[in-house]
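Spelled out from the first residue to the last, the chains are:
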Amino acid sequence: MVHPEDKKMVNSLINHLADSDLEEIVRVEKNTWPADWQAPIEKFKARIAKFPQGAIGVFENGNLVGVSTSMRINFDPNTTSDYHKTWDQITGDGFIATHEPDGNTLYVVSVGVQKESQGNGYGQRLVAKQFELAKNLGCECLMLGARLPKFRESLSRQDINPDSLSATELIQKAQGYLDSKRNDGLRQEPEIRFYEKCGLKVLKLTDPNFGPDPESCNFGVIMLAEI
Ligand SMILES: CC(C)(COP(=O)(O)OP(=O)(O)OC[C@H]1O[C@@H](n2cnc3c(N)ncnc32)[C@H](O)[C@@H]1OP(=O)(O)O)[C@@H](O)C(=O)NCCC(=O)NCCS
């Protein structure tokens, strides 16, 4: 439950979003993602029920503008099958029934800041709060599966149709795109740049089935930080 006094504070960060915040959470979700990508209220309700500590909101002038959710998993860097899981498999289709209460790793399920509030540092503050939670819980790592939302666009700027590439060529293109940097040495891809700024490191490109995610040509990027 969000404390009413906290809501009055400008830009205050609130931990433990509750069922009473669900309507606001759904409003933020709608202002963050296109229709196909919005998680329904049931998924947020399930995440809050299963792991309330991981449901974090950022408020601007008393209004919720960003939400992040997380869960715990047991991740073993030496178990190669862990690298081939899809987002749906890891998160139980976003309902986090797969949450492991004693998991060694805090897995960030979602980070979203509504469009009109993006670029003000709220996303970084949400991830920082997840880092703090991971530390307080004694987790060894913080982990997430990032998207490559500008990958398909970058191919089409080069007049490349991803459907015309072989599986091997597509993986090479995705790896090349992930590795590409701007003149300032930061990643070309804004989402990876964002998570690196938050303190995560690129571990591995996933298989091309991480999500149904046309913008990323279904690739994801496993990102990890040791705590
Ligand atoms: C990605 C996101 C959470 C960042 O939150 P934010 O409050 O805008 O981010 P901050 O102000 O803390 O940091 C800005 C950085 O975020 C990244 N960013 C900004 N807009 C973005 C977008 N639409 N998509 C992906 N990354 C974005 C950029 O790296 C930017 O840094 P830059 O100014 O050097 O380009 C937010 O833009 C968002 O919710 N986007 C849509 C949903 C999404 O892609 N969520 C993350 C994947 S699950």
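Given the structure is predicted, the values throughout are model-derived calculations rather than measurements. (Residues numbered from 1 in each chain as written. Predicted model: local features only at pLDDT ≥ 70, side-chain atom pairs only at ≥ 80, totals over all residues. Heavy atoms only, no water.)

With respect to the site of the ligand
By nearness alone, 18 residues border the ligand, and Val113, Gly121, Gly123, Arg193 and Lys197 come closest of all. Glutamine 118 is positioned with one of its side-chain polar atoms (N or O) 3.4 Å from a nitrogen atom of the ligand. Interatomic distance of 3.5 Å between a side-chain N/O atom of glutamate 191 and an oxygen atom of the ligand. Secondary structure elements with two or more residues in the shell around the ligand: β4 (105-113), α5 (122-137) and α8 (190-197). Here the shell around the ligand gets six residues from one element, more than from any other, and that element is α8. Its residues assigned to classes, the shell around the ligand shows seven nonpolar, eight polar and three charged. Per-domain counts for the shell around the ligand show at least three residues from each of domain 1 (1-139) and domain 2 (147-227). (Near = heavy atom within 4 Å. Polar contact = N/O pair within 3.5 Å; in protein donor to acceptor, adjacent residues only side chain to side chain. Helix = DSSP H or I, 4+ residues; strand = E, 2+ residues; numbered from the N terminus. Nonpolar A, V, L, I, M, F, W, Y, C, P; charged D, E, K, R; others polar. Domains from an automatic or database assignment.)

Re helix α2 (residues 22-32)
Among the residues of α2, those classed as buried are Leu22, Ile25, Val26, Val28, Glu29 and Thr32. Down the axis of α2, the buried set is contained in an arc of 160 degrees. They therefore lie on one face. Of the residues in α2, the exposed ones pointing more than 90 degrees away from the buried face are Glu23 and Lys30. (Buried < 20%, exposed > 50% of the residue type's maximum accessible area, 1.4 Å probe, protein only. Arc of directions from axis to C-beta.)

Overview of the packing of α5 against α8
For the pair α5 and α8, the least separation of the axes is 10 Å and the interaxial angle reads 50 degrees. Relative to α8, the element α5 lies oblique. Between α5 and α8 lies a crossing whose hand is right-handed. Across from Gly123, Gln124 and Val127 in α5, the residues of α8 making contact are Phe194, Tyr195 and Lys197. (Axes fitted to C-alpha atoms, helices over the stretch in contact; angles between N-to-C directions. Parallel < 35°, antiparallel > 145°, perpendicular 65-115°, else oblique. Left-handed = near helix turned anticlockwise from the far one by under 90°. Contact = heavy atoms within 4.5 Å.)

Observations regarding the nonpolar core
Membership of the largest hydrophobic core comes to 50 residues, with the highest contact counts inside it found for Leu148, Phe151 and Leu200. For this core, the two domains that each supply at least three residues are domain 1 (1-139) and domain 2 (147-227). What leucine 200 contacts, discounting residues up to four positions off in sequence, is Val127, Phe131, Leu142, Leu144, Tyr195, Met223, Leu224 and Ala225. (Core = buried A, V, L, I, M, F, W, Y, C linked by side-chain atoms within 4.5 Å.)

Focus on the domain arrangement of the protein chain
Annotation of the protein chain at the domain level lists domain 1 (1-139) and domain 2 (147-227). When each unit is reduced to the centre of its C-alpha atoms, the spacing between domain 1 and domain 2 is 22 Å. Both faces combined, the contact of domain 1 with domain 2 buries some 1500 Å², and carbon together with sulfur accounts for 72% of it. Taken together, the links from domain 1 to domain 2 amount to zero salt bridges. Connecting domain 1 to domain 2 are two residue pairs in polar contact (both at pLDDT 80 or more). Partitioning the side of domain 1 that touches domain 2 into residue classes produces twelve nonpolar, four polar and two charged. (Buried area = accessible area lost by both parts, 1.4 Å probe. Salt bridge = Lys/Arg side-chain N within 4 Å of Asp/Glu carboxyl O.)

Observations regarding helix α7 (residues 167-179)
Between its first and last C-alpha, α7 extends 18 Å over 13 residues, near the 18 Å set by a 1.5 Å rise per residue. Residues of α7 that are buried: Leu170, Ala174, Tyr177 and Leu178. Viewed along the axis of α7, the buried residues span an arc of 100 degrees, placing them on a single side of the element. The exposed set on the far side of α7, more than 90 degrees from its buried face, consists of Thr168 and Gln172. Contacts from the buried residues of α7 go to α6 (151-157), α8, β6 (201-205) and β7 (221-226). (Expected span 1.5 Å × (residues − 1).)

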